[in-house]
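# Observations on the three-dimensional arrangement
Take a look at the letters that make up each chain.
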Amino acid sequence: MTLSSMPATGDQDRPHVIDGWELTSYAGVVSRLQARYPAMRTSEIEAIVVREHDAFTGGRPIVVPVDVERGAEEILAWEAEGSAL
């Protein structure tokens, strides 16, 4: 079963393609796996998903929240200002 054939739990869980990667929400993945493996604890499912994500991506983020960029920009501006003194 591919992500695109999985039942969506909402519009936010429908797969999106960004930079060639087919992506879906973390919450959606956990929810679908909980439905298929109800005997497993949520914490166990989440640990497996995180481990698989890290193995698949090598720990490199594929997408980041927009606020991460904003925060990084604030830090870079602060550092640039400090080095100019």
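Residues numbered from 1 in each chain as written. Predicted model: local features only at pLDDT ≥ 70, side-chain atom pairs only at ≥ 80, totals over all residues. Heavy atoms only, no water.

### Examining the overall build of the protein chain
The secondary structure content of the protein chain amounts to three helices and two strands. When the helices and strands of the protein chain are read in sequence order from the N terminus, they spell out β-β-α-α-α. Summarising the internal contacts of the protein chain: among those between residues at least 6 apart in sequence, 26% fall at separations of at least 24. Accessible surface, the protein chain: about 6900 Å² in total, of which carbon and sulfur atoms supply 58%. (Helix = DSSP H or I, 4+ residues; strand = E, 2+ residues; numbered from the N terminus. Contact = heavy atoms within 4.5 Å. Areas by Shrake-Rupley, 256 points an atom, 1.4 Å probe, with all protein chains shown as cover.)

### Remarks on a nonpolar patch on the surface
There is a patch of nonpolar side chains on the surface, built from Y37, M40 and I48 and spanning about 280 Å² of accessible area. Position of M40 relative to the elements: it lies in the loop between α1 (26-36) and α2 (42-57). (Patch = residues over 30% accessible without salt bridge, like charges linked within 9 Å, V, L, I, M, F, W, Y side chains within 5 Å. Salt bridge = Lys/Arg side-chain N within 4 Å of Asp/Glu carboxyl O.)

### Some words on the packing of α1 against α2
Helix packing geometry: the angle between the two helix axes and the distance between the axes. At a closest axis distance of 10 Å, the pairing of α1 and α2 adopts a crossing angle of 125°. As far as their axial angle goes, α2 and α1 are oblique. Seen along the crossing, α1 lies across α2 with a hand that is right-handed. The segment α1 lies against α2, with Y26, V29, V30, L33 and Q34 engaging T42, I45, E46, V49 and V50. Class assignment for the residues of the contact of α1 with α2 results in seven nonpolar, two polar and one charged. (Axes fitted to C-alpha atoms, helices over the stretch in contact; angles between N-to-C directions. Parallel < 35°, antiparallel > 145°, perpendicular 65-115°, else oblique. Left-handed = near helix turned anticlockwise from the far one by under 90°. Nonpolar A, V, L, I, M, F, W, Y, C, P; charged D, E, K, R; others polar.)

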